[in-house]
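Inside the fold
Okay, here's what each chain looks like letter by letter:
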Amino acid sequence: MLASRTRAAMSDSRTVEVEGDPCEPAGVCEESSLITTDSFEEFSQEINSLPAAQDGSPTGQEELGEGAPLADASSTSPDIDSNINQIQHADPPDGTMSKSSSFSSAKSREFDASTTSLAEPETVAPGTTAIEQELESGDYLHDASFLNRKRHVFILSMAGKPIYSMHGNEDKLATLFGVMQALVSFVQSGNDTIKSIHAAGVKFVFLVKSPLILVAVSRTSHSVQQIQLQLTDVYNQILSTLTLSHMIKTFEKRKNFDLRRLLAGSERLIDHLLVSDKCDHKLVSNNPFSFMTHSVRILPLQPSVRETIVSAIQSNCAKIRNLVFAVLIANNKLIALVRMKKYFIHPADLRLIFNLIECSESFKAAESWTPLCLPKFDSSGFLHAHVSYLAEDCQACLLLLSIERDVFYTLSEAKRKITEKLRRSNCLEAINDAINNKGIKLLNIGIPEIRHFLYKSKSNAQLLCSELTVPYASNAQFKRLEGMYFALHHRIHNSGRPVKLIYQMKEKEVLLAWVTQAYELFVTFEPTVEKNEVISLVNRLLKWIKKEENSLFILSAPTF
């Protein structure tokens, strides 16, 4: 099934570019309920739409550090073997600077001091606890336990008012927030927008979304663009609580307004969105890969079961006016989605819905009625969501989203009838069985040489993942796998030098990343797998996905 030129290329090199679709894609559908535009495409459009800098910068973006400018992408050597090396070095090397290097003022010296503190954590003095040192210093910038975190996320207003810190109390970081605000203002004064700073192995990534500034400090292998997308998710989470129009009006009235007053109680949603650094991978293994590939995971079900679920929703909701979406989910996976005609939902909005359900235990106790803004759908208005689990013996959650405020009892009755129909048709039992299934077992489909894979169907923005097994069952090994996939994804989607196929031999595994017009595929093999075996193993995997696609994907786009 693979072109002969692909066989020849893979036998001679580690990274090759392939033209055309090598095999029949799985999961293809003519119409999808999900918006399938890739987040990286959206970011490129947004960046290119910024005004040019006064110094002639084509994008109006700043990459700050020390030293020589970055090489232009068009001048990169076409040497194939260097592609693999660039996977680990896709971001600017420490100490590089693209343009503005004139931070010689007092603000610059203050920034240098703060950067050094975060980039090179100090050791707690012998006999002194981190808490004692924190109290002694009056802030966290001398607290090794705080500084040693691999990732920080900070949110502040354009006036420099603290709003959120991923770790610690933002009130004790007033100096650091002030430096961030000063940097943004300094670069904006030159008609530019700051993007990132690289120093001592640390990335300081900025996302300026007036009236907010979001900053991430990262020691991970994630690229600047990937981190910016994570910050965008956090920004959207704030909008889902407040709406953009409300937030803008609030700051227009009072620039120094403390937004924490309006966000009180919803910080847990931001915490949970960033949870992958804070808890066991078994709880969050769905999130990073769905985020990375800008897609949604589907709960595998027999086609007849899914059709019955959709039919139950349609028959009981079709006559309800102004019902926009009906979404049935479980374990961060989509079971069914029915929509009003001409309206579609964005994967980023579905991530917010998953996040809301996952971190809100109260929804399990009773039916709820809550306002919810889906920023990609409408950033300035609320939908009203009836949220309830199908039954005590079925932990699938149904959200009925309407633009009407006073239809709680109407939607409650519709939900009751939907549950009754699903129980009579044994669909609740089928959903439970699917929830209890840990995932695709590669041993069961006869490909033990493959340790793990990700398959994204581009036509419907849906993601398929295999079960996490040894050696990636531990949290540390899962994070290593995640880092390798993110590095491959960044290399594949590097706008300056994109490739379609990457084959990489590592000490502990063999990796393959493959992007075609129809799908994206990331595969991890046993380290003993030879290059010529990779082709046949991938073909076997793709044949199996194609065979099972009706169960693994949602191939229709049902409407009310």
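Residues numbered from 1 in each chain as written. Predicted model: local features only at pLDDT ≥ 70, side-chain atom pairs only at ≥ 80, totals over all residues. Heavy atoms only, no water.

**Considerations on the overall build of the protein chain**
Scanning the protein chain from N- to C-terminus turns up 21 helices and 18 strands. Out of the 560 residues belonging to the protein chain, those deemed buried represent 54%. (Helix = DSSP H or I, 4+ residues; strand = E, 2+ residues; numbered from the N terminus. Buried < 20%, exposed > 50% of the residue type's maximum accessible area, 1.4 Å probe, protein only.)

**With respect to the pairing of strand β18 (residues 519-525)**
Successive side chains on a regular strand alternate, one facing one side of the sheet and the next facing the other. By the criterion of burial, β18 is predominantly enclosed, with seven of the seven residues buried. What you see with β18 is no split at all: Y519, L521, V523 and F525 on one side and E520, F522 and T524 on the other are buried throughout. Strand direction decides the pairing type here: strand β14 (residues 450-457) and β18, joined by seven bridges, are antiparallel. Across the sheet, K456 pairs through a bridge with E520, a residue of β18. Summarising the sheet, strand β17 (residues 510-515) and β18 pair through six bridges and their orientation is antiparallel. For V515, the partnering residue across the bridge sits in β18 and is E520. Hairpin connection from β17 to β18: three residues lie between these consecutive antiparallel strands. (Pairing = 2+ DSSP bridges.)

**Re the confidence of the model for the protein chain**
Of all residues in the protein chain, 75% attain a pLDDT of 70 or more, and the chain-wide mean is 80. This stretch, residues 1-22, has a pLDDT under 50; its non-local contacts, to residues over four places away or in other chains, come to 57 contacts. In this model, residues 276-286 is a region of pLDDT below 50 whose contacts with residues beyond four sequence positions or in other chains number 26 contacts. (pLDDT = per-residue confidence, 0-100. Contact = heavy atoms within 4.5 Å.)

**So, empty space enclosed by the protein**
The tally for this structure, following the rule as stated, stands at four cavities of 30 Å³ or more. As for the second largest cavity, its lining consists of 14 residues, of which S33, L337, Q462, I554 and S556 are closest to the centre. Those elements giving two or more residues to the lining of the second largest cavity turn out to be α14 (303-317) and β10 (333-339). The biggest single contributor to the lining of the second largest cavity is β10, with four residues. (1 Å grid on protein atoms, 1.4 Å probe; cavity = no way out; pocket = protein on both sides within 12 Å on 5 of 7 lines; lining within 4 Å. Points joined across faces, edges and corners; volume = space filled by probe spheres on them.)

**Let's talk about the packing of helix α8 (residues 224-242) against helix α15 (residues 347-358)**
Two numbers describe how α8 lies on α15: the axes approach to 10 Å, and their chain directions differ by 70°. As the angle between them shows, α8 and α15 are arranged roughly perpendicular. The chirality of how α8 crosses α15 is right-handed. Where α8 abuts α15, its residues D233, N236, Q237 and S240 lie against A348, R351, L352 and N355. When the residues that make up the contact of α8 with α15 are grouped by side-chain class, the tally is two nonpolar, four polar and two charged. (Axes fitted to C-alpha atoms, helices over the stretch in contact; angles between N-to-C directions. Parallel < 35°, antiparallel > 145°, perpendicular 65-115°, else oblique. Left-handed = near helix turned anticlockwise from the far one by under 90°. Nonpolar A, V, L, I, M, F, W, Y, C, P; charged D, E, K, R; others polar.)

**Remarks on helix α9 (residues 244-253)**
Buried within α9 are the following residues: M247, T250 and F251. Projected onto a plane normal to the axis of α9, the buried residues spread over an arc of 90° and lie on a single side. The exposed set on the far side of α9, more than 90 degrees from its buried face, consists of K249, E252 and K253. Where α9 is buried, its residues touch β3 (151-157), β7 (212-218), α8 and α10 (260-263). The N-capping residue of α9, defined by a side-chain oxygen 3.3 Å from the backbone nitrogen of H246, is T243. (Arc of directions from axis to C-beta. Polar contact = N/O pair within 3.5 Å; in protein donor to acceptor, adjacent residues only side chain to side chain.)

**Side note on the sheet that holds strand β12 (residues 383-391)**
The strand order across the open sheet formed by five strands is β10-β9-β13-β12-β11, and the pairing between neighbours is antiparallel. Each edge of the sheet is formed by a strand with only one pairing partner; in this case those strands are β10 and β11 (368-372). Averaged over all pairs of adjacent strands, the angle between strand axes in this sheet comes to 25°, irrespective of strand direction. By the bridge criterion, seven bridges tie β12 to strand β13 (residues 394-402) in an arrangement that is antiparallel. Note that in β13 the partner of H384 across the bridge is S402. The strands touched by helix α17 (residues 408-424) are β9 (323-330), β11, β12 and β13; relative to β12, the strand with the most contacts, the crossing angle is about 30°.

**With respect to the nonpolar core**
In terms of nonpolar packing, the biggest core is built from 33 residues, with I309, I313, L328, I335, L390 and I431 touching the most fellow members. Mapped onto this core, the elements with two or more residues apiece are α14, β9, β10, β12, β13, α17 and α18 (427-436). With residues near it in sequence (within four places) discarded, I313 still touches A318, A326, A336, V338, L398, I418 and F560. By size, the runner-up hydrophobic cluster in this structure holds 29 residues, among which are V327, A385, Y389 and L399. (Core = buried A, V, L, I, M, F, W, Y, C linked by side-chain atoms within 4.5 Å.)

**Observations regarding α8**
In this model, α8 (19 residues) spans 27 Å end to end at C-alpha, consistent with the 27 Å of a helix rising 1.5 Å per residue. With 18 of 19 residues buried, α8 is to be regarded as a mostly interior element. Just past α8, the residue T243 takes up positive phi, approximately 75°. (Expected span 1.5 Å × (residues − 1).)

**As for the side chain of H167**
The topology assignment puts H167 in the loop between β4 (162-165) and α7 (174-188). The class of H167 is buried, set by a relative accessible area of 7%. Of note is the side chain of H167, whose polar atom sits 3.1 Å from the backbone oxygen of R151.

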